[in-house]
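Here are the chains, one letter per residue:
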Amino acid sequence: MHSVTLCHYVGGQANRKLSAVNVTLIPNALLVRDLKWLDTFNALIFPGAAHIFGVFLLLHFFMQIPAELEEAAVLRGALR
């Protein structure tokens with residue numbers, strides 16, 4: 001059973017997001033092994049930092065922040 005079928009039966013948007021991580025787990029592990037990053041902090045940071053799904057999810061998270069909250073932060077001295 002592949003991930004799309006599993007998401008269809010389990011039935012949720014969150015489950016579809018989790019399947020992207022599952023699909024890239026083995027390629028990321030092979031990349032970490034080939035770069036000789038096993039047992040290093042680089043193996044924890046870099047594969048997830050530039051991963052397109054992480055960027056996509058963060059983009060949509062920041063787009064959901066209300067403009068009023070950003071305006072309040074600027075009034076209290078935060079920089080844009």
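Presented here is a report on the structure given in the accompanying data block. (Residues numbered from 1 in each chain as written. Predicted model: local features only at pLDDT ≥ 70, side-chain atom pairs only at ≥ 80, totals over all residues. Heavy atoms only, no water.)

### Quick word on the overall build of the protein chain
Now for step 1: When helices and strands are counted, the protein chain shows six helices and zero strands.
Now for step 2: Put simply, the protein chain runs from its N terminus to its C terminus through helices and strands in the order α-α-α-α-α-α.
Now for step 3: Taken over 80 residues, the protein chain has a buried fraction of 10%. (Helix = DSSP H or I, 4+ residues; strand = E, 2+ residues; numbered from the N terminus. Buried < 20%, exposed > 50% of the residue type's maximum accessible area, 1.4 Å probe, protein only.)

### A few points about unusual backbone geometry
Now for step 1: With a phi angle near 60°, K36 is a residue other than glycine that sits in the positive phi range.
Now for step 2: Take K36: it is sitting in the loop between α3 (25-34) and α4 (42-49).
Now for step 3: According to the relative accessible area criterion, K36 is exposed, its value standing at 70%.
Now for step 4: The phi dihedral of D39 is positive, around 60°, even though this residue is not glycine.
Now for step 5: Within the element layout of this structure, D39 appears in the loop between α3 and α4.

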